[in-house]
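Here are the chains, one letter per residue:
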Amino acid sequence: MYRAVTRKIEVSVTPRFLPERSSETEGYYFWAYTIGIRNQSAETVQLKTRHWRITDGNGRLQEVRGPGVVGEEPVLKPGESYEYTSGVPLQTASGFMLGSYGMVSESGEQFDIEVPAFSLDSPANKRVIN
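Residues numbered from 1 in each chain as written. Predicted model: local features only at pLDDT ≥ 70, side-chain atom pairs only at ≥ 80, totals over all residues. Heavy atoms only, no water.

Draft legend 1. Structural context of the packing of aromatic side chains. A full pass over the atoms with the stated rule returns eight aromatic pairs. On the numbers, 6.3 Å between centres and 50 degrees between planes, the contact of Y2 with F118 is tilted. Placement of the pair is Y2 in strand β1 (residues 2-6) and F118 in strand β9 (residues 110-121), with a sequence separation of 116 residues. Residue classification places Y2 among the partly exposed residues on the basis of a relative accessible area of 30%. Residues Y28 and F30 carry aromatic rings whose centres are separated by 6.5 Å and whose planes lie at 20 degrees to one another, so their mutual orientation is stacked. Through pairs of rings, three or more aromatic residues link up here, namely Y2, Y33, W52, Y101 and F118. Over the ring of F30 we find R21, and its NZ or CZ is 3.9 Å from the ring centre. (Phe/Tyr/Trp six-rings, centres within 6.5 Å; stacked < 30°, edge-to-face > 60°. Helix = DSSP H or I, 4+ residues; strand = E, 2+ residues; numbered from the N terminus. Buried < 20%, exposed > 50% of the residue type's maximum accessible area, 1.4 Å probe, protein only. Lys NZ or Arg CZ within 6 Å of the ring centre and 35° of its normal.)

So, in structure tokens, the structure goes:
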């Protein structure tokens, strides 16, 4: 699990490779990742936007920006948590992701929170060639 805390809001990420949705012969590798967001601050906040930087094993960078996550813009009161699972395909057997969420506080202040960098590894990437 990977973790980052910004302004007392913790973001944790657990990635997992999905071999049943991948095809090494076709150069298609798929991962699911579960994100947990826990508001440990004293104020209510809402997640409004996401920004991902996805880099494959060849160094190709793809940036994704958009509203909310999985069609939602969750509101988190102090002490509340939110969790969702999404997925990402790559053309290589490994890569990594990192990003941020655009948040807004109850008072209207906008700020970003960090999503920690996390590794996308598949069994194909771990083979040793003799």
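Draft legend 2. Just unusual backbone geometry, in detail. Residue R7 is not a glycine yet carries a positive backbone phi of 50 degrees. Turning to its location among the elements, R7 is positioned in the loop between β1 and β2 (9-17). In this structure, V70 takes a positive phi of about 40 degrees despite not being glycine. Among the secondary structure elements, V70 is positioned in the loop between β5 (61-67) and β6 (75-76).

Draft legend 3. The arrangement of the environment of E43 in detail. If you trace the backbone, E43 turns up in the loop between β3 (29-39) and β4 (45-56). Separated by 40 residues in the primary sequence, E43 and E83 have C-alpha atoms spaced 19 Å apart. If near-sequence neighbours (up to four positions away) are discounted, E43 is found in contact with R7, L76, P78 and S105. (Contact = heavy atoms within 4.5 Å.)

Draft legend 4. Seen up close, the nonpolar core. With 28 residues, the main nonpolar core has Y33, I35, I37, W52 and Y101 as its most contacted residues. Contributing elements (two or more residues each) for this core: β2, β3, β4, β7 (81-90), β8 (94-105) and β9. Leave out the neighbours within four places in its chain, and W52 touches Y33, I35, Q62, E63, V64, Y84, M97, L98, G99, Y101, V115 and F118. (Core = buried A, V, L, I, M, F, W, Y, C linked by side-chain atoms within 4.5 Å.)

Draft legend 5. Representation of the environment of G108. Topologically, G108 is positioned in the loop between β8 and β9. When the C-alpha positions of G108 and V45 are compared, they lie 9.1 Å apart, and in sequence the two are 63 residues distant.

Draft legend 6. Representation of the pattern of salt bridges. Counted under the stated rule, the structure contains eight salt bridges. The shortest N-O distance in the salt bridge between R3 and E10 comes to 3.4 Å. Taking the relative accessible area as the measure of exposure, R3 reaches 55% and is therefore exposed. Residue E10 is classed as buried on the basis of its relative accessible area, which comes to 12%. (Salt bridge = Lys/Arg side-chain N within 4 Å of Asp/Glu carboxyl O.)

Draft legend 7. Representation of the sheet that holds β7 within the structure. Strand order in the open sheet formed by four strands is β1-β2-β3-β7, and the pairing between neighbours is antiparallel. Looking at strand neighbours, the two that pair on one side only are β1 and β7, the edges of this open sheet. Neighbour to neighbour, the strand axes of the sheet diverge by 20 degrees on average, direction disregarded. As judged from the five bridges shared by β1 and β2, these two strands associate in the antiparallel manner. Residue pairing across strands places T6 opposite I9, the latter belonging to β2. (Pairing = 2+ DSSP bridges. Axes fitted to C-alpha atoms, helices over the stretch in contact; angles between N-to-C directions.)

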